[in-house]
Amino acid sequence: MTLPPSTDLAHPDAKTIESFFDSISPRYDLLNSLMSFGLDAHWRDRMVRGALTGVERSILDLGVGTGKSLGAYLARMAANAASGAAKTAIAAVDAAVPG
């Protein structure tokens, strides 16, 4: 990402923030995995196991990013559904445009 010389990084505008996230999205998952030595998958699994009880009726994922956490939720919910859990409505939004 190339920023104009006048960009104030202490107080970036919405376009600068959007441009930043758009530029890192194609490499984010790889970098996250490398920098965490693969622990990101474990952390995601713990998050999902701690958050889902099996009785959820809806899930809202704001800032879905690359969708890795959402994918983990969906996999866990599929396992719950196989054991008779109620169906869950999911909404996921993100301002970044996939690369």
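To be clear, the structure that these remarks concern was listed above.
So, a few notes on the structure that sits alongside this text. (Residues numbered from 1 in each chain as written. Predicted model: local features only at pLDDT ≥ 70, side-chain atom pairs only at ≥ 80, totals over all residues. Heavy atoms only, no water.)

Looking at the overall build of the protein
Move 1: A count of helices and strands for the protein gives four helices and two strands.
Move 2: Start at the N end of the protein and walk to the C end: the helices and strands fall as α-α-α-β-α-β.
Move 3: Buried positions account for 18% of the 99 residues belonging to the protein.
Move 4: Across the protein, contacts joining residues at least 24 apart in sequence account for 66% of those joining residues at least 6 apart.
Move 5: If you sum the accessible surface of the protein, you get close to 7,100 Å²; carbon and sulfur atoms cover 62% of it. (Helix = DSSP H or I, 4+ residues; strand = E, 2+ residues; numbered from the N terminus. Buried < 20%, exposed > 50% of the residue type's maximum accessible area, 1.4 Å probe, protein only. Contact = heavy atoms within 4.5 Å. Areas by Shrake-Rupley, 256 points an atom, 1.4 Å probe, with all protein chains shown as cover.)

Let's talk about the pairing of strand S1 (residues 58-62)
Remark: a regular strand shows side chains that alternate across the two faces of the sheet.
Move 1: Burial of S1 is one-sided: the residues Ile59 and Asp61 facing one way are buried, the residues Ser58, Leu60 and Leu62 facing the other way are not.
Move 2: Summarising the sheet, S1 and strand S2 (residues 89-93) pair through five bridges and their orientation is parallel. Across the sheet, Leu60 pairs through a bridge with Ala91, a residue of S2.
Move 3: Considered for its hand, the β-α-β crossover made up of S1, helix H4 (residues 68-82) and S2 is right-handed. (Pairing = 2+ DSSP bridges. Right-handed = clockwise from strand over helix to strand, strands pointing away.)

A few points about a nonpolar patch on the surface
Move 1: A contiguous nonpolar surface patch, about 450 Å² in accessible area, is contributed by Leu30, Leu31, Leu34 and Met35.
Move 2: For Leu34, the location among the structural elements is in helix H2 (residues 28-35).
Move 3: Taking the relative accessible area as the measure of exposure, Leu34 reaches 53% and is therefore exposed. (Patch = residues over 30% accessible without salt bridge, like charges linked within 9 Å, V, L, I, M, F, W, Y side chains within 5 Å. Salt bridge = Lys/Arg side-chain N within 4 Å of Asp/Glu carboxyl O.)

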